[in-house]
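A structural walkthrough
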Amino acid sequence: GQNIDQPTEMTATEGAIVQINCTYQTSGFNGLFWYQQHAGEAPTFLSYNVLDGLEEKGRFSSFLSRSKGYSYLLLKELQMKDSASYLCAVRPTGGGNKLTFGTGTQLKVEL
Amino acid sequence: DAEITQSPRHKITETGRQVTLACHQTWNHNNMFWYRQDLGHGLRLIHYSYGVQDTNKGEVSDGYSVSRSNTEDLPLTLESAASSQTSVYFCASSERLAGGNEQFFGPGTRLTVL
């Protein structure tokens, strides 16, 4: 089975940097995804990691350590529009392309 | 532009009624998924399909069924709606191969069972 943990809520200041952690325990691992979800909207894809290391995409970066079952999403130069829920999802081996999601981290960006 | 749509966007029904939620995608994706999202539980997989005539149960499939008669559609049926099935339902689709192919989500259907 899969077990994915993320903090429930975080608060950060506009212009700052925030790191959202995700730890997972799986019977097999074949990739980790981060999604962003604004209130009342659908989740949208942010990043994908399958090998150890950092993937950078503009203001967003995602890191993976497979040996530690750990990932983080780093958001730089925070903007008010980054206030949203951030979902960590793991794809198991042999599972096609289905995902298991964590419960999400609600990020609030303040002035 | 390719897209994934869901209908209805909002639905109120009564306990015991059969309800069908529609999902239609024009990405020509082989893989389609249904999730429900509830406070404190995140997104949970109900059913999924990897192609026409293929359907599989997810972690919370009891009380739900799906059918896949073509590539574009994966309707979700609640056989006899229960109050515990009040939720927001999301449909998603993705390319056939795994790799970095993300799932694309529809706008969601908010279902209330009274």
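The sections below set out a description of the structure shown in this document.

1. Points about the environment of alanine 92 of chain B
By the element assignment, alanine 92 of chain B lies in strand β9 (residues 87-94). Residues alanine 92 of chain B and tryptophan 34 of chain B, 58 residues apart in the sequence, show an inter-C-alpha distance of 6.4 Å.

2. A closer look at the nonpolar core
Counting residues in each nonpolar core, the largest one holds 21 residues, and the members touching the most others are Leu32, Trp34, Leu75, Tyr86 and Leu107 of chain A. Mapped onto this core, the elements with two or more residues apiece are β3 (18-26), β4 (32-37), β7 (60-65), β8 (70-75), β9 (84-90) and β11 (105-110) of chain A. Leucine 75 of chain A has contacts with Ala16, Ile17, Val18, Ile20, Arg59, Phe60, Asp82, Tyr86 and Leu107 of chain A, leaving out every residue within four places of it along the chain. Residues Ile4, Cys23, Met32 and Trp34 of chain B belong to the second largest nonpolar core, which totals 18 residues.

3. Notes on the sheet that holds strand β6 (residues 53-57) of chain A
Residue and element names in this part refer to chain A. Across the sheet, five strands lie side by side as β1-β3-β8-β7-β6; this open sheet has antiparallel pairing. A strand with exactly one partner marks an edge of an open sheet, and here the two such strands are β1 (2-5) and β6. Each strand axis lies, on average, 15° off the axis of its neighbour in the sheet, ignoring direction. The pairing of β1 with β3 spans four bridges and is classified as antiparallel. Paired with isoleucine 4 across the strands is tyrosine 24, a residue of β3.

4. Quick look at the sheet that holds strand β8 (residues 76-78) of chain B
In any sheet, the strands associate via hydrogen bonds between backbone groups, in a parallel or an antiparallel arrangement. Residues and elements named next belong to chain B. Strands sit in the order β1-β3-β8-β7 across an open sheet of four strands; the sheet is antiparallel. Sheet topology places β1 (4-7) and β7 (64-66) at the edges, where each strand pairs with a single neighbour. With direction set aside, neighbouring strand axes in the sheet form an average angle of 20°.

5. Some details on the packing of aromatic side chains
One pair of aromatic rings is described through two measures. These are the centre distance and the angle between the planes. Going through the model one piece at a time under the given rule, you end up with 20 aromatic pairs over all chains. Summarising the aromatic geometry, the rings of phenylalanine 63 of chain A and tyrosine 72 of chain A are spaced 5.0 Å apart at their centres and angled 20° between planes, so their arrangement reads as stacked. Assessed through its relative accessible area of 24%, phenylalanine 63 of chain A is described here as partly exposed. Arranged with centres 5.7 Å apart and planes meeting at 35°, the rings of tyrosine 35 of chain B and phenylalanine 105 of chain B form a pair that is tilted.

6. A few points about the interface of chain A and chain B
Contact residues are listed per partner, giving 19 residues for chain A and 24 residues for chain B. Summed over both sides, the interface between chain A and chain B buries roughly 1,500 Å², with carbon and sulfur atoms accounting for 56% of that surface. When residues of chain A are sorted by the area they lose upon contact with chain B, Asn97, Lys98 and Phe101 of chain A head the list and together hold 34% of the total. The interface formed by chain A and chain B contains zero salt bridges. Only β4 and β5 (44-49) of chain A provide two or more residues apiece to the side of chain A that touches chain B. The biggest single contributor to the side of chain A that touches chain B is β4 of chain A, with three residues. The residue makeup of the side of chain A that touches chain B, split by class, is nine nonpolar, seven polar and three charged.

7. Looking at the state of the cysteines
Residues and elements named next belong to chain B. Here the structure, examined in full by the defined rule, presents two disulfides over all chains. In this model, cysteine 23 is linked to cysteine 91 through a disulfide, with the two sulfur atoms separated by 1.8 Å. For the disulfide bridge between cysteine 23 and cysteine 91, the dihedral angle about the S-S bond is near -70°, and by the sign convention the bridge is left-handed. Taken as a pair, cysteine 23 in strand β3 (residues 19-25) and cysteine 91 in strand β9 lie far apart in primary sequence, 68 residues in all. Cysteine 23 sits in the buried class, given a relative accessible area of 2%.

8. Overview of the pattern of salt bridges
All names here are of chain B. Overall, the coordinates contain seven salt bridges over all chains when judged by the stated rule. Residue aspartate 38 is joined to arginine 36 by a salt bridge in which the shortest nitrogen-to-oxygen separation is 2.8 Å. Each of the two residues, aspartate 38 as well as arginine 36, counts as buried. By sharing partners, the salt bridges in this structure join Arg36, Asp38 and Arg44 into a single network.

Calculation rules
- Residues numbered from 1 in each chain as written.
- Chains lettered and ligands numbered in written order.
- Predicted model: local features only at pLDDT ≥ 70, side-chain atom pairs only at ≥ 80, totals over all residues.
- Heavy atoms only, no water.
- Helix = DSSP H or I, 4+ residues; strand = E, 2+ residues; numbered from the N terminus.
- Core = buried A, V, L, I, M, F, W, Y, C linked by side-chain atoms within 4.5 Å.
- Buried < 20%, exposed > 50% of the residue type's maximum accessible area, 1.4 Å probe, protein only.
- Contact = heavy atoms within 4.5 Å.
- Pairing = 2+ DSSP bridges.
- Axes fitted to C-alpha atoms, helices over the stretch in contact; angles between N-to-C directions.
- Phe/Tyr/Trp six-rings, centres within 6.5 Å; stacked < 30°, edge-to-face > 60°.
- Buried area = accessible area lost by both parts, 1.4 Å probe.
- Salt bridge = Lys/Arg side-chain N within 4 Å of Asp/Glu carboxyl O.
- Nonpolar A, V, L, I, M, F, W, Y, C, P; charged D, E, K, R; others polar.
- Disulfide = S-S within 2.5 Å.

Read these as spatial facts, not as claims about activity.
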